[in-house]
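Structural features, examined
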Amino acid sequence: MSQSRVPLVDLAAQYATIREEAEAAIAEVHRSSGYILGRAVEEFEQAFAAYCGVKECVGVGSGSDALHLVLRAYDIGPGDEVIVPAMTFVATAFAVNLAGATPVLVDVRAEDALLDPSRIEAAITSQTRAIIPVHLYGRPANMQAINDIAAQHGLVVIEDAAQAHGATYHGRRCGSLGHAAAFSFYPSKNLGAFGDGGAVVTNDSTAAARLRTLRNCGSKRKYFHDEVSSNSRLDTIHAAVLSVKLKYLDRWNEQRRQHAEVYDRFFRERIDVGMVEETAGCVSSQHLYVLRSIACRDRQQVIDQLKRSGVDAGIHYPFAIHQLDAYRHLNLPDEALPQASRWAAECFSLPMYPELTAQQLQQVLAAFDS
Ligand SMILES: *Cc1c(COP(=O)(O)O)cnc(C)c1O
């Protein structure tokens, strides 16, 4: 019997569940011809701000732009330092450089790959302006400790919530836990557009107003350009699709959580893989289901074994930030960031998306003993 492949993500399966609604929403944009900052953008911004439990949402061109522009909105630039975790998607660190500031890498916790609050203070200098905690894999960072340190030192806290749509921290949504938060709507994120997209959410109406200018060629009013900036707007078509998908986000996240529980029950018993338990008070968005290969199991061997059984595995991410060529000039040895280096060497991701079937989950688990 030939079995089909279990992919890491299956965007076509999700599209099939919302096709009619999404196509109707797109058709409406065509009828209005309001392709740029049309009504659907404002509608989505209001709906997503309400969902996150904040006052403002500003749609932009990508999660990368959301991070970079929010730093600019807080006047963070040349001469400033921003603390970022050494284990994250590279856009977190690049945003700091693109704003003209300097990223300062801080190690992550051994148990969950999240920014380690106990290492932040040693990295703070007179030039530090902000901290960017990342809710990596959908797990909320330890915001209480991070906000306390930030308050003591007068720092801005910008959540990188690109993987954490709908995740909660002591009952509050990621995106409402710092001064501002950046989201990505890259298609495979928990809430994904049909292309690139992103947003900044915040209760800070001054920052939001500045962001509306920054995303639009530095312009509040046609032909008047107040400051140098590029164009980075959330396209109306994507906003219309995102409004459709937002209605299903909680249901999809719940499905992800049910799949994660099946995985957890299986991996908790095993000694050859390291599994992460959820932190008390936190509800992960289960963006990615990430394990570590331990007890001398070679990661590539595990991934190859899964492949042979028709199961795709991923690595998020194979390099910590200091190991990337773009940051080679920092000359940071792995010993300086041991936990991030270890996560990069050992982590791998299993298929995780709402539409996974019970049969597919069993195929994934069976592949571990094949
Ligand atoms: C996806 C992602 C980004 C960047 O978002 P884009 O929309 O792809 O630019 C930033 N940070 C993290 C943690 C991400 O996962």
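Residues numbered from 1 in each chain as written. Predicted model: local features only at pLDDT ≥ 70, side-chain atom pairs only at ≥ 80, totals over all residues. Heavy atoms only, no water.

1. A word on helix H8 (residues 249–267)
The following threshold applies: Secondary structure elements follow DSSP: runs of H or I no shorter than four residues count as helices, runs of E no shorter than two count as strands, and numbering proceeds from the N terminus. To estimate the expected span of a helix, subtract one from its residue number and multiply by 1.5 Å. Three labels apply to residues, based on accessible area from a 1.4 Å probe with only protein chains included: buried if under 20% of the type maximum, exposed if over 50%, partly exposed otherwise in between.
Between its first and last C-alpha, H8 extends 26 Å over 19 residues, near the 27 Å set by a 1.5 Å rise per residue. All of the buried residues in H8 are Leu-249, Trp-252, Asn-253, Arg-256, Arg-257, His-259, Ala-260, Tyr-263, Asp-264 and Phe-267.

2. Some thoughts on the pairing of strand S4 (residues 128–131)
In plain terms, the rule: Paired strands are those between which DSSP finds at least two bridges. By the criterion used throughout, a crossover qualifies as right-handed when its path from the first strand across the helix to the second strand runs clockwise, the strands pointing away from the viewer.
With three bridges connecting them, strand S2 (residues 81–85) and S4 associate as parallel partners. By the bridge assignment for S4, Ile-83 is matched with Ile-131. Taken together, the two bridges between S4 and strand S5 (residues 156–160) define a ladder with parallel strand orientation. Residue pairing across strands places Ala-130 opposite Val-156, the latter belonging to S5. The handedness of the S4 to S5 crossover, carried by helix H5 (residues 143–153), is right-handed.

3. Observations regarding the site of the ligand
This is how it is decided: A molecule or strand has a residue near it when one of that residue's heavy atoms lies within 4 Å. In protein, a polar contact requires one atom able to donate a hydrogen and another able to accept it; more generally it is a pair of N or O atoms within 3.5 Å, and residues adjacent in sequence count only if both atoms are side-chain atoms. Points on a 1 Å grid, built from protein atoms alone, make a cavity when a 1.4 Å probe fits but cannot get out and make a pocket when they are open with protein on both sides within 12 Å along at least 5 of 7 lines; residues with an atom within 4 Å of a point are the lining residues. Pocket or cavity membership: a molecule qualifies when more than half of its atoms sit within 2 Å of the grid points of that site. Gly is placed with the polar residues, together with every amino acid not listed as nonpolar (Ala, Val, Leu, Ile, Met, Phe, Trp, Tyr, Cys and Pro) or charged (Asp, Glu, Lys and Arg).
Surveying the vicinity of the ligand reveals 16 residues, the closest of which are Gly-63, Ser-64, Gln-163, Ser-184 and Lys-189. Between the ligand and the protein, one listed contact pairs an oxygen atom with a side-chain N or O atom of Ser-184 at 2.6 Å. Contacts to the ligand include Lys-189, whose side-chain N or O atom sits 3.0 Å from an oxygen atom. When atom positions are compared with the pocket grids, the ligand is found to occupy the largest pocket. Put simply, the parts of the chain that give the shell around the ligand at least two residues each are helix H3 (63–73) and helix H4 (91–98). Element by element, the count of residues in the shell around the ligand is highest for H3, at three residues. Along the lines of polarity and charge, the residues of the shell around the ligand split into six nonpolar, eight polar and two charged.

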